[in-house]
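# Geometric and topological summary
Here's the letter readout for the chains.
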Amino acid sequence: DGRCSGGQGIGGCFRSFERLLLSAMVDDPVEVARIIEAHEALVWSTCVEATAAVPGNPLKAEVDRSGNTPLCTLAALNFASFNRVIAFGVVTPATDEDIEVVRDFYSSRSETRYVIEVTPASRPESLGPSLVRHGLRPTGEGAAKCWRTIRDIPPEPSNIEVRELL
């Protein structure tokens with residue numbers, strides 16, 4: 001059905017930077033928005049996996065890649081900035097079941113503060129109201145994301161010096 005378990009979708013469902021980079025050669029703004037979201041989810045989940053690899057896993061880091069998007073937690077920190085769902089409904093439209101999977105993931109880890117980011121690239125269009133129907137509420141906060149093509153990269157400033165610190 002195109003879900004992450006089959007490795008389908010943008011970026012092999014958040015498992016491969018290579019596919020994200022190759023598919024970034026598009027000019028369609030909707031596709032670019034989806035790639036940006038999928039890339040952010042891939043990067044964040046990779047960071048959380050690296051955190052989990054610290055001996056003893058003191059932050060109780062965990063990533064579950066079995067659903068609509070990677071579910072990441074730093075369960076030792078009950079703080080939404082660290083326990084957030086990125087790219088929800090971006091690769092495949094989110095369902096009521098997907099919402100319940102997210103709720104169960106965080107509640108089973110005693111997390112009461114987590115965020116499901118809803119973006120213009122999230123589907124279905126009714127996702128926001130669906131989340132409210134499941135007992136979640138809007139935070140009123142938003143994030144702006146920017147991108148530029150490789151054709152638009154400005155020249156490197158000449159007045160910056162980079163040195164290795166010992």
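Preceding this section is the structure that the text describes.
The rules we used
- Residue indices follow the written sequence of each chain, beginning from 1 at its first position.
- Only residues with pLDDT of at least 70 get local features here, since the model is predicted, and only at 80 or more are side-chain atom pairs given and counted; chain-wide, interface and lining totals rely on the full set of residues.
- Only hydrogens and water are set aside; all other atoms, that is, all heavy atoms of the structure, feed into the side-chain values.
- A helix here means a DSSP run of H or I that spans at least four residues, while a strand means a run of E at least two residues long, and both kinds are numbered starting from the N terminus.
- Accessibility here uses a 1.4 Å probe with only protein chains present; expressed as a share of the type maximum, an area under 20% marks a residue as buried, one over 50% as exposed, and anything in between as partly exposed.
- Here a residue-residue contact requires only that any non-hydrogen atoms of the pair lie within 4.5 Å.
- Each accessible area value is a Shrake-Rupley result obtained with a 1.4 Å probe; residue values ignore everything except the protein chains displayed when judging cover.
- For this document, the term salt bridge refers to a Lys or Arg side-chain nitrogen within 4 Å of an Asp or Glu carboxyl oxygen.
- Two strands qualify as a pair provided that DSSP identifies no fewer than 2 bridges between them.
- Defined by distance alone, a disulfide is two cysteine sulfur atoms within 2.5 Å.

## Examining the overall build of the protein chain
Helices and strands together make up the secondary structure of the protein chain, namely five helices and four strands. Mapped in sequence order, the helices and strands of the protein chain form the string α-α-α-β-β-β-α-β-α. Sorting the 166 residues of the protein chain into buried and exposed places 35% on the buried side. When contacts within the protein chain are restricted to residue pairs at least 6 apart in sequence, long-range pairs at least 24 apart make up 61% of them. When the accessible surface of the protein chain is summed, it comes to about 10,500 Å², and 56% of that surface belongs to carbon and sulfur atoms.

## Considering the pattern of salt bridges
Inspection of the entire model under this criterion finds six salt bridges. A salt bridge links Arg 84 to Glu 117; the nearest nitrogen and oxygen atoms lie 2.8 Å apart. Of the two residues, Arg 84 is situated in strand β3 (residues 84-85) and Glu 117 in the loop between β4 (115-116) and α5 (127-133); the sequence distance between them amounts to 33 residues. Asp 96 is the salt-bridge partner of Arg 133, the closest N and O atoms lying 2.9 Å from each other. Here Arg 133 is found in helix α5, whereas its partner Asp 96 is found in helix α4 (residues 96-107), with 37 residues between them in sequence. Of the residues examined, Arg 133 reaches a relative accessible area of 57% and is grouped as exposed. Judged by its relative accessible area of 37%, Asp 96 falls in the partly exposed class. Taken together, the salt bridges that share partners define one network made up of Glu 40, Arg 84 and Glu 117.

## Thoughts on the pairing of strand β2 (residues 71-74)
Burial along β2 is two-sided: Leu 71 and Thr 73 facing one way and Cys 72 and Leu 74 facing the other are all buried. One ladder, built from four bridges, connects strand β1 (residues 61-64) with β2; its direction is antiparallel. Across the sheet, Asp 64 pairs through a bridge with Leu 71, a residue of β2. Where β1 hands over to β2, the hairpin turn is made up of six residues, counted between the paired strands.

## Considerations on unusual backbone geometry
A cis amide bond, omega 0 degrees, links Arg 123 with the succeeding residue Pro 124. A positive phi angle is found at Asn 57, which is not glycine, with a value near 45 degrees. Positive phi outside glycine occurs at Lys 60, with the angle close to 55 degrees. Structurally, Lys 60 can be placed in the loop between α3 (29-52) and β1. Since its relative accessible area comes to 52%, Lys 60 is described here as exposed.

## Describing the state of the cysteines
One covalent bond between the sulfur atoms of two cysteine residues makes up a disulfide. Taken as a whole, this structure holds zero disulfides when the rule is applied. Of the cysteine sulfurs around Cys 47, a residue in no disulfide, the closest is that of Cys 72, at 9.2 Å. Of the residues examined, Cys 47 reaches a relative accessible area of 39% and is grouped as partly exposed.

Any functional reading would require information that these geometric values do not contain.
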